[in-house]
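Listed here are the chains, written in short residue letters.
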Amino acid sequence: MTALVILPGLDGTGTLHAPFIDALGDVPGAVTVVRYPRDQALDYKGLEALARAALPVDVPFVLLGESFSGPIAISIAADPPPNMRGLVLSTTFARAPVPVLSPFAAWLPPVSARRVPMNLLSWLLLGRWATPDVTAALRCALSNVPSATLRHRAALTLAVDVSPLLQRITLPVLYLRARGDRLIRPAAGREITAAIRRASLLQIEGPHLLLQACPQQSAQAVAAFLAQQH
């Protein structure tokens, strides 16, 4: 049985994936979400060490890196454990998604998630796919993480660059691109799939929070990929 391990987005709580996991249904393998410490300002290397420690050791698995966690998943796939069978990347990047802001990463203001208007977050992350349930879940997840932690992680994304590792990945890779993504530029997915020999890109009608807003379509794509690696 091929397990699925999910590395979550910026909040790191692992609370936003229930609809997606439910939509996976009877996939032949366990599905787990790695949760990041809420009160520790770990860098990408520290989070990668935490993620590696959470990976299964006795069953084959596919790793799914979502948004913020894409660089972590890429780093693991470039030097994978022997039982890793494939990689799924959802609405993510190998290097800073907004390169022009990289020099200012250290000066991001410590804004509390509670003070960011939800209509702005909803427009950016969910667009026309926003529903009361998904919006409420997003608000809850962000509100449960200290603003300093969110600020630190956001700053990490503005300085990260794991693109040199892409050519080292020999595992099969599926990149999920959301057609309505207002956060990640389309070139980010093309850059990743062009550099990895066994990579394919699948576009789905949806927003940046693709797994949350379009769980059925996302689950169908991931389940098919899992079946191929089983």
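The numbers attached to residues start from 1 for each chain and follow its sequence in the written order. Reporting of local features is limited, given that this is a predicted model, to residues whose pLDDT is at least 70; pairs of side-chain atoms are given and counted only at 80 or more, and all residues count toward the totals for whole chains, interfaces and linings. Excluded from the side-chain calculation are hydrogens and water; included are all heavy atoms of the structure.

A.B. asks: Is there a simple way to explain the packing of helix α4 (residues 118-125) against helix α5 (residues 132-143) in this structure?
C.D. replies: Closest axis-to-axis distance for the α4/α5 pair is 11 Å, and the angle between their directions is 110°. When the axes of α4 and α5 are compared, the pair comes out roughly perpendicular. For the crossing formed where α4 meets α5, the hand is right-handed. On α5, the residues that touch Met-118, Leu-121, Ser-122 and Leu-125 of α4 are Thr-135, Leu-138, Arg-139 and Leu-142. Only the stretch in contact is used when fitting a helix axis, every axis being a line fitted to C-alpha atoms; angles between N-to-C directions are given from 0 to 180 degrees. Going along the chain from the N terminus, every DSSP run of H or I of four or more residues is numbered as a helix, and every run of E of two or more is numbered as a strand. Put simply, angles under 35 degrees are roughly parallel, angles over 145 are roughly antiparallel, angles from 65 to 115 are roughly perpendicular, and the rest are oblique. Should the near helix be turned anticlockwise from the far one by less than a right angle, the crossing is left-handed, and should it be turned clockwise, the crossing is right-handed. Two residues form a contact once any of their heavy atoms are found within 4.5 Å.

A.B. asks: Explanation requested: the pairing of strand β4 (residues 84-90) in the structure shown.
C.D. replies: Remark: a regular strand shows side chains that alternate across the two faces of the sheet. Buried residues dominate β4, accounting for 6 of its 7 residues. Pairs of strands are assigned from DSSP output, requiring at least two bridges between the strands. As judged from the 6 bridges shared by strand β3 (residues 61-66) and β4, these two strands associate in the parallel manner. Along β4, the bridge assignment pairs Phe-61 with Met-84. With the strands pointing away from the viewer, any crossover whose connection runs clockwise from the first strand over the helix to the second is right-handed. Read as a crossover between parallel neighbours, the route from β3 over helix α3 (residues 70-78) to β4 is right-handed. For β4 and strand β5 (residues 173-178), the ladder comprises 4 bridges, and the chain directions are parallel. If you follow Ser-90 over to β5, its bridge partner there is Leu-176. Remark: exposure states derive from per-residue accessible area (1.4 Å probe, protein chains only) relative to the maximum for the residue type, with buried under 20%, exposed over 50%, and partly exposed in between.

A.B. asks: Sorry if this is basic, but what is going on with unusual backbone geometry here?
C.D. replies: Excluding glycine, a negative phi dihedral is what most residues carry, and trans is how most peptide bonds are arranged. Phi at Ser-67 takes a positive value of approximately 45°, unusual for a residue other than glycine. Here Ser-67 lies in the loop between β3 and α3. Although it is not a glycine, Thr-91 sits at a positive phi angle of roughly 40°.

A.B. asks: Just to check I follow, could you spell out the environment of Pro-97 for this structure?
C.D. replies: Along the chain, the position of Pro-97 falls in the loop between β4 and α4. The buried category is assigned to Pro-97, whose relative accessible area is 12%. Along the sequence, Pro-97 and Pro-186 sit 89 residues apart, while their C-alpha atoms lie 10.0 Å from each other. With residues near it in sequence (within four places) discarded, Pro-97 still touches Thr-157, Ile-184 and Arg-185.

A.B. asks: When you look at helix α2 (residues 44-54) in this model, what are you seeing that I'm missing?
C.D. replies: Helical geometry note: an α-helix holds 3.6 residues per turn, so side chains three or four residues apart project in the same direction. Turning to α2, its buried residues number three or more, namely Tyr-44, Leu-47, Glu-48 and Ala-51. Viewed end-on, α2 has its buried residues packed into an arc of 105°, placing them on one side of the element. Every exposed residue of α2 that faces more than 90 degrees away from the buried side is listed here: Lys-45 and Ala-53. By construction, the arc corresponds to the directions joining the helix axis to the C-beta atoms.

A.B. asks: Explain the pattern of salt bridges here, please?
C.D. replies: Close approach of charged atoms lets side chains of opposite charge pair. Take a side-chain nitrogen of Lys or Arg and a carboxyl oxygen of Asp or Glu: if they are within 4 Å of each other, that pair is a salt bridge. Within this structure, the stated rule accounts for 4 salt bridges. Notably, a salt bridge pairs Arg-128 with Glu-205, separated by 3.9 Å at the nearest N-O pair. With Arg-128 in the loop between α4 and α5 and Glu-205 in the loop between β6 (199-204) and α8 (210-213), this residue pair connects regions lying 77 residues apart in the sequence. We classify Glu-205 as partly exposed; its relative accessible area is 42%. The partner of Glu-205 in a salt bridge is Arg-179, and the shortest N-O contact between them spans 3.2 Å. Taken together, the residues Glu-205 in the loop between β6 and α8 and Arg-179 in the loop between β5 and α7 (186-195) connect sequence positions 26 residues apart.

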